Amino acid sequence: MRIGFGYDSHRLVPGRTLILGGVSVPNALGPEAHSDGDVLIHALIDALLGACALGDIGRLFPPSDERYRDISSRILLARTLEVLSKGGFRPRNVDATIVLESPRLSPYIEQMRSNLSQDMGIPATAISVKAKTKEGLGLTGQGRAVEAYAVALVEED
Ligand code: MG
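Here is what the cut-offs are and how they apply
Residues numbered from 1 in each chain as written. Predicted model: local features only at pLDDT ≥ 70, side-chain atom pairs only at ≥ 80, totals over all residues. Heavy atoms only, no water. Donors = N, O, S within 2.8 Å, 3.2 Å for Na, K, Ca; no water. Buried < 20%, exposed > 50% of the residue type's maximum accessible area, 1.4 Å probe, protein only. Phe/Tyr/Trp six-rings, centres within 6.5 Å; stacked < 30°, edge-to-face > 60°. Helix = DSSP H or I, 4+ residues; strand = E, 2+ residues; numbered from the N terminus. 1 Å grid on protein atoms, 1.4 Å probe; cavity = no way out; pocket = protein on both sides within 12 Å on 5 of 7 lines; lining within 4 Å. Points joined across faces, edges and corners; volume = space filled by probe spheres on them. Nonpolar A, V, L, I, M, F, W, Y, C, P; charged D, E, K, R; others polar.

A. Local environment of the coordination of the magnesium ion. The coordination sphere of the magnesium ion contains the protein donors D8 (OD), H10 (NE2) and H42 (ND1), at a distance range of 2.1 to 2.2 Å. Overall, H10 belongs to the buried group, its relative accessible area being 15%.

B. Just the packing of aromatic side chains, in detail. Considering all chains together, one arrives at 3 aromatic pairs under this definition. Taking the centre distance of 6.5 Å and the plane angle of 35° together, the rings of F5 and Y149 count as tilted. Of the two residues, F5 is situated in strand β1 (residues 2-14) and Y149 in strand β7 (residues 145-156); the sequence distance between them amounts to 144 residues. Take F5: its relative accessible area is 53%, and that puts it in the exposed class. On the accessibility criterion, Y149 (33% relative accessible area) is partly exposed. The interplanar angle of 85° and the centroid separation of 5.4 Å between the aromatic rings of F61 and Y68 together place this pair among those described as edge-to-face. The exposure class of Y68 is buried, given its relative accessible area of 7%. Among the aromatic side chains, those forming a connected cluster through ring pairs are F5, Y7 and Y149.

C. Quick look at the layout of surface pockets. Reported here for the largest pocket is a volume of approximately 220 Å³. Lining the largest pocket we find D8, H10, A33, H34, S35, H42, I57, G58, F61, P63, Y68 and L76. Those elements giving two or more residues to the lining of the largest pocket turn out to be β1 and α2 (57-60). Across the lining of the largest pocket, the residue classes tally to 6 nonpolar, 5 polar and 1 charged.

As C-alpha cells, this is what we get:
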C-alpha cells in the first residue's frame, strides 16, 4: 500500500462554470484555469500520482499544451488511472476536502462521489468528499478562490 497527498487551488472569476468532481455547481463565479479547473479532481490526480511517485498533474498534462484547454478533468483523471494501471498500481480509497465559501456543496456531494467512482473504478463507499468554508479568511474566505485537498491509498501489484 502507498499513500499520496494532493492540493490544488484556483482563483474564482466571472464567466466560468464552477465544476467540482465533474458536477456543475450553479454559481456566479468559476475557476480561472487552462482546463475546466476542477480543483477536486486536480488534487485527487496529484494524490494518485504522488502515491506512485509518478510526478504531478502539471508534468502529465502541461498547461502549455493546447490539447488540454477547457478539457474535462474527468478525462484527465481517466488518463491518470491508465498511467497508474501501466505502472501496476490500483487505487483503493480516497478522501478529499473542498474549501469554498459559497455556495453550500452538500446537495452535490453524492453526485461527485458517483462520478469519481465511475472514473476510478472503485465503489463510492471508498470515496469520501467533504466540504468546508474558510470562515472569511484570505482570498478563499472572501469567495475569490476555491481549494481542495486529497489523500489517496494505492495498492501496488
Ligand atoms: Mg488546477
